[in-house]
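Listed below are the residues making up each chain.
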Amino acid sequence: MKDIKDIKQKEVELFNKFKASGFQDKHSFQELHASMAPMIYRAAEKASYNSNIPLSAHEGSAAQAFLDSLRTFDPKAGAALQTCIVTG
C-alpha cells in the first residue's frame, strides 16, 4: 500500500504535467482523476443528500468542478491540491 504522502506527491506531479501541457494531456488528467475519484465521488454523494436531483447529475457537476479547480489551482498560494479540489 502506498503512503499518503507518496500519493499526494504523485498527484502534484500529474497536476504539473497536466498544467505544463496547457491542460491538454489526457493521460495525466485521467491518472489524476482516477487518483482523486473517491474524493470527488464523496463530494457528489454529500451534495446529493436530501436532494431531488439524481446522484449522476451531482457527479457530472463534481467532475466539472474538478476540472475547473485544476485550472485555477495555484500551488504558490499555500493550499494543497486536495484542498483546492474539495473547496473548489
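What you are looking at is a predicted structure, and each value in this text was computed from that prediction instead of being measured.

**Q** What is the right way to read the overall build of the chain from this model?
**A** Across its full length, the chain carries 4 helices and 0 strands. The order of helices and strands in the chain, counted from the N terminus, is α-α-α-α. Taking 2.2 N^0.38 as the reference for a compact globule, 88 residues should give roughly 12 Å; the C-alpha atoms of the chain span a radius of gyration of 13 Å, in line with that estimate. Taking the principal axes of the C-alpha coordinates as reference, the chain spans close to 40 × 30 × 25 Å.

**Q** Where do I start with the packing of aromatic side chains in this structure?
**A** We describe a pair of aromatic rings using the distance from one ring centre to the other and the angle between the two ring planes. On inspection of all chains with the given rule, the structure shows 4 aromatic pairs. Plain terms: the ring middles of Phe18 and Phe23 are 5.3 Å apart, the flat faces sit at 80 degrees to each other, and that makes the pair edge-to-face. A relative accessible area of 3% places Phe18 in the buried class. On the basis of an interplanar angle of 40 degrees and a centroid distance of 5.4 Å, the ring pair of Phe18 and Phe29 is categorised as tilted.

**Q** Any chance you could explain unusual backbone geometry here in plain terms?
**A** Negative phi is the rule for most residues except glycine; trans is the rule for most peptide bonds. Even without being a glycine, Phe23 presents a positive backbone phi close to 60 degrees. With respect to the helices, strands and loops of the structure, Phe23 is situated in the loop between helix H1 (4-20) and helix H2 (26-48). Not every positive phi belongs to a glycine, and Asn50 is a case in point at roughly 55 degrees. Within the element layout of this structure, Asn50 appears in the loop between H2 and helix H3 (55-72).

**Q** Teacher, can you tell me more about H3 here?
**A** Think of an α-helix as 3.6 residues a turn; residues three or four steps apart then line up on the same face. In this model H3 runs 25 Å from its N-terminal to its C-terminal C-alpha over 18 residues, within 8% of the 26 Å that 1.5 Å per residue would give. Those residues of H3 that sit buried are His58, Ala62, Phe66, Leu67, Ser69 and Leu70.

**Q** Can you help me understand the nonpolar core in this one?
**A** Generally speaking, soluble globular proteins have nonpolar side chains that are buried together. Counting residues in each nonpolar core, the largest one holds 17 residues, and the members touching the most others are Leu32, Met36, Phe66, Leu70, Leu81 and Ile85. Counting residues per element, this core draws most heavily on H2, at 5 residues. Dropping the residues within four chain positions of it, Leu81 is found in contact with Glu11, Val12, Phe15, Leu32, Met36, Leu70 and Phe73.

**Q** For this particular structure, what's the right way to read the environment of Ala57?
**A** In this structure, Ala57 sits in helix H3. According to the relative accessible area criterion, Ala57 is partly exposed, its value standing at 38%. Sequence separation between Ala57 and Thr72 is 15 residues; the distance between their C-alpha atoms is 23 Å.

**Q** I tried to follow the packing of H1 against H2 on my own but got confused; where do I start?
**A** A packed helix pair is summarised by two numbers, namely the angle formed by the two axes and the spacing between the axes. The contact between H1 and H2 brings their axes to 9 Å, and the two run at 150 degrees. Here H1 lies roughly antiparallel to H2, going by the angle between them. The handedness of the crossing between H1 and H2 is left-handed. Along the contact surface, H1 presents Ile7, Lys10, Glu11, Leu14, Phe15, Lys17 and Phe18, while H2 presents Ser28, Phe29, Glu31, Leu32, Ser35 and Met36. Classifying every residue of the contact of H1 with H2 by side-chain character gives 7 nonpolar, 2 polar and 4 charged.

Cut-offs applied
Residues numbered from 1 in each chain as written. Predicted model: local features only at pLDDT ≥ 70, side-chain atom pairs only at ≥ 80, totals over all residues. Heavy atoms only, no water. Helix = DSSP H or I, 4+ residues; strand = E, 2+ residues; numbered from the N terminus. Rg over C-alpha atoms; globule rule 2.2 N^0.38 Å. Phe/Tyr/Trp six-rings, centres within 6.5 Å; stacked < 30°, edge-to-face > 60°. Buried < 20%, exposed > 50% of the residue type's maximum accessible area, 1.4 Å probe, protein only. Expected span 1.5 Å × (residues − 1). Core = buried A, V, L, I, M, F, W, Y, C linked by side-chain atoms within 4.5 Å. Contact = heavy atoms within 4.5 Å. Axes fitted to C-alpha atoms, helices over the stretch in contact; angles between N-to-C directions. Parallel < 35°, antiparallel > 145°, perpendicular 65-115°, else oblique. Left-handed = near helix turned anticlockwise from the far one by under 90°. Nonpolar A, V, L, I, M, F, W, Y, C, P; charged D, E, K, R; others polar.

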